[in-house]
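# Breakdown of the fold
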Amino acid sequence: MQNLLSEAASRAAAYLDGLPSREAGPLPGSVERLIRALEGPLPGGPSVAEDVLAFLDDYGSPATVASAGGRYFGFVTGGALPATLAAQYLAAAWDQNSFSFVSSPAVACFEAAALRWVKEALGLPAVAEGALVTGATMANFTCLAAARNHVLARAGWDVDRQGLFGAPEPTVVVGGEAHASLFKVLSLLGLGRDRVLRVEADGQGRLRADRLPPVDGPVIVCIQAGNVNSGAFDPAEEVVAWARQRDAWVHVDGAFGLWALASSELAPLAQGFREADSWATDAHKWLNVPYDSGIALVRDAEVLAKAMSISGSYLLPSTHRDAMNVTPDSSRRARAIEVWAALKALGRSGLADMIERNCRQARRLAEGLRDGGVEILNEVVLNQVVACFGDDARTQRVIAAVQDDGTCWCGGTSWKGRAAMRISVSSWATSDDDIERSLAAILAAHREA
Ligand SMILES: *Cc1c(COP(=O)(O)O)cnc(C)c1O
């Protein structure tokens, strides 16, 4: 076991050491090579673990995207802080089932501490209960299940027991640029993708508070901390005031933007977001823990527990907090370990520094691109830059050329009806030198196009 795990660690370290000098995307030909290598049938008999590991490294590592490195700016992708990667190794050895206190007292304790620290870091209410889930999609799901059940309970309907057939109709209000995954969540919750009210967004993708509809009855309003393209924040203070007049539930999708609250410099962007009823965020984006890791927080702990608890006398009553009663999952991995390790390793100041550094790097990229004649479509308020290189075809050519060059990796998006390059600076591993090298590569592709 010692040899095997050392081998895994040394292969992992060699992989990470190699990232600065390799392409940001998969190595040329590596994906085709992997596909061919995986074509064989189910092996007739066993292989030794060292060979399994060697296969993964030989064929898998070259075909990965270098998102653990400093020059991967695709989607909104964090890296993995060294302490969190090491913590994940150890937690993998523990192999704890963290569904309840008795199934893993250790993880239950780390989970309580991790959630407490997350709330402290973001300045969210200490009374809020949390669920560690796979990502912001499931965090939105968890929060909105609680929201749905609560607003309908106030209208005299018990969703938990009666389901949704015959229920009073809740009104769900979202911004015009709500994240695509939110609509999937609403569909999973029986609230429908198409029956939500979409409030017009402004030029930066912010919900326009002056267009909030005159609704009553059970209402849930979803606002965003961090538009996935522009990084903009919805006007939370105005939405919360509107919601309070209607006894509406305010939910925040803050997959990455919520982390602005961890920085006193950036927190003013997220004014009013702390007044919401629930918050969904990712840990695998800006907190820089390994995949997969999302966090749901609900101000009223009892409401979350009512929506998520395993009913019936499945097990003997417990006097402890059992995660299965606040999350959609039962058996689950120990996500708390990496969240705790990130916050322990960074501390309040390290977390703020990382968030602020990425924002400064995004501003530098935007400024350098603008100086090179590139049109920047968004106000760069956070870590996101949306760049346009001319008409759609030209922009797409530049994106393809940048990916082909491999110095950095940036993806495409469609924003306000135009093709654009979206650059998201979200990694602890991104150095100022990475930014300069990436800037030069993008400008070279722009010139050549
Ligand atoms: C990334 C993102 C999501 C989805 O998060 P996952 O971690 O992929 O589940 C939802 N909302 C916003 C604003 C996002 O940026």
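Residues numbered from 1 in each chain as written. Predicted model: local features only at pLDDT ≥ 70, side-chain atom pairs only at ≥ 80, totals over all residues. Heavy atoms only, no water.

What follows covers the overall build of the protein. Helices and strands together make up the secondary structure of the protein, namely 13 helices and 11 strands. For the protein, the C-alpha radius of gyration of 23 Å lies close to 22 Å, the compact-globule estimate for 449 residues. In terms of its C-alpha atoms, the protein occupies a principal-axis envelope of roughly 60 × 55 × 45 Å. Evaluated residue by residue, the protein yields a buried proportion of 53% over its 449 residues. In the protein, of all internal contacts separated by at least 6 residues, the share reaching a separation of at least 24 is 74%. Here the protein contributes 41 positively and 52 negatively charged side chains, and the mean placements of these two sets differ by 2 Å. (Helix = DSSP H or I, 4+ residues; strand = E, 2+ residues; numbered from the N terminus. Rg over C-alpha atoms; globule rule 2.2 N^0.38 Å. Buried < 20%, exposed > 50% of the residue type's maximum accessible area, 1.4 Å probe, protein only. Contact = heavy atoms within 4.5 Å. Lys, Arg positive; Asp, Glu negative; His and termini not counted. Charge placed at Lys NZ, Arg CZ, Asp CG, Glu CD.)

Contacts to the ligand come from 13 residues, most closely from Thr137, Asp253, Asp282, His284 and Lys285. With respect to the ligand, the side chain of Asp253 contributes an N or O atom lying 2.7 Å from a nitrogen atom. Relative to its free-state accessible area of 380 Å², the ligand is covered by the protein chains to the extent of 84%. Within the shell around the ligand, the residues separate by chemical class into 4 nonpolar, 6 polar and 3 charged. (Near = heavy atom within 4 Å. Polar contact = N/O pair within 3.5 Å; in protein donor to acceptor, adjacent residues only side chain to side chain. Areas by Shrake-Rupley, 256 points an atom, 1.4 Å probe, with all protein chains shown as cover. Nonpolar A, V, L, I, M, F, W, Y, C, P; charged D, E, K, R; others polar.)

Structurally, the protein comprises domain 1 (87-342) and domain 2 (348-448). Taking only C-alpha atoms into account, the centre of domain 1 sits 29 Å from that of domain 2. If you look at the interface, domain 1 gives 29 residues, while domain 2 gives 26 residues. Along the contact surface separating domain 1 from domain 2 lie 1 salt bridge. For Lys416, the salt bridge identified is with Glu177, shortest N-O distance 2.8 Å. (Domains from an automatic or database assignment. Salt bridge = Lys/Arg side-chain N within 4 Å of Asp/Glu carboxyl O.)

Our focus in this paragraph is the sheet that holds strand β2 (residues 171-175). Ordered in space as β1-β7-β6-β5-β4-β2-β3, the 7 strands form an open sheet in which the pairing is mixed. Looking at which strands have only one partner, the edges of the open sheet turn out to be β1 (129-133) and β3 (197-199). Each strand axis lies, on average, 20 degrees off the axis of its neighbour in the sheet, ignoring direction. Pairing of strand β5 (residues 249-253) with strand β6 (residues 278-282) involves 3 bridges; the strand directions are parallel. Across the sheet, the residue bridging to Val252 is Trp279, located in β6. Against the sheet, helix α8 (residues 180-188) engages β2, β3 and β4 (219-224), with an angle of about 170 degrees to β2. Contacts from helix α10 (residues 301-308) reach β1, β5 and β7 (294-298) within the one sheet, and its direction differs from that of β1 by about 45 degrees. (Pairing = 2+ DSSP bridges. Axes fitted to C-alpha atoms, helices over the stretch in contact; angles between N-to-C directions.)

Among the nonpolar cores identified, the biggest contains 60 residues, and Trp259, Leu287 and Leu351 are the most heavily contacted of them. Taken together, the elements giving at least two residues each to this core come down to α5 (105-122), β4, α9 (236-245), β5, β7 and α11 (335-371). Three or more residues apiece are contributed to this core by two domains, here domain 1 (87-342) and domain 2 (348-448). For Leu351, the residues in contact, after removing those within four places along its chain, are Ala121, Trp259, Ala262, Leu287, Leu343 and Leu346. Of all hydrophobic cores here, the second largest spans 35 residues; its members include Ala131, Cys143, Val174 and Cys222. (Core = buried A, V, L, I, M, F, W, Y, C linked by side-chain atoms within 4.5 Å.)

Our next topic: the side chain of Ser230. Here Ser230 shows up in the loop between β4 and α9. At 2.7 Å, the side chain of Ser230 forms a polar contact with the backbone oxygen of Gln204. A polar contact of 3.1 Å, which involves the side chain of Ser230, links it to the backbone nitrogen of Ala232. Each residue touching Ser230, except ones within four places of it in the same chain, is listed here: Gln204, Asn378, Glu379, Val381, Gln384, Val386 and Trp415.

Now for the sheet that holds strand β8 (residues 375-376). Taken together, 4 strands build an open sheet; the order of strands is β8-β9-β11-β10 and the sheet is antiparallel. The sheet terminates laterally at β8 and β10 (411-415), the two strands that pair on one side only. In this structure, strand β9 (residues 384-388) lies alongside strand β11 (residues 418-424), joined through 4 bridges in antiparallel fashion. Bridging from a neighbouring strand, Val385 pairs with Ile423 of β11. The sheet strands contacting helix α12 (residues 392-405) are β9, β10 and β11, and the helix crosses β11 at an angle near 30 degrees.

Side chains that differ in sign of charge can pair as their charged atoms come close. Inspection of every chain in the model, using the stated rule, returns 24 salt bridges. We note a salt bridge from Lys285 to Asp282, for which the minimum N-O separation is 3.4 Å. Residue Glu367 is joined to Arg364 by a salt bridge in which the shortest nitrogen-to-oxygen separation is 2.9 Å. One end of the pair is Glu367 and the other is Arg364, both in helix α11 and 3 residues apart, which spans about a single turn. On the basis of relative accessible area, Arg364 is assigned to the partly exposed category, the value being 29%. Bridged by salt links that share partners, the residues Glu7, Arg11, Asp57 and Asp58 form one connected network.

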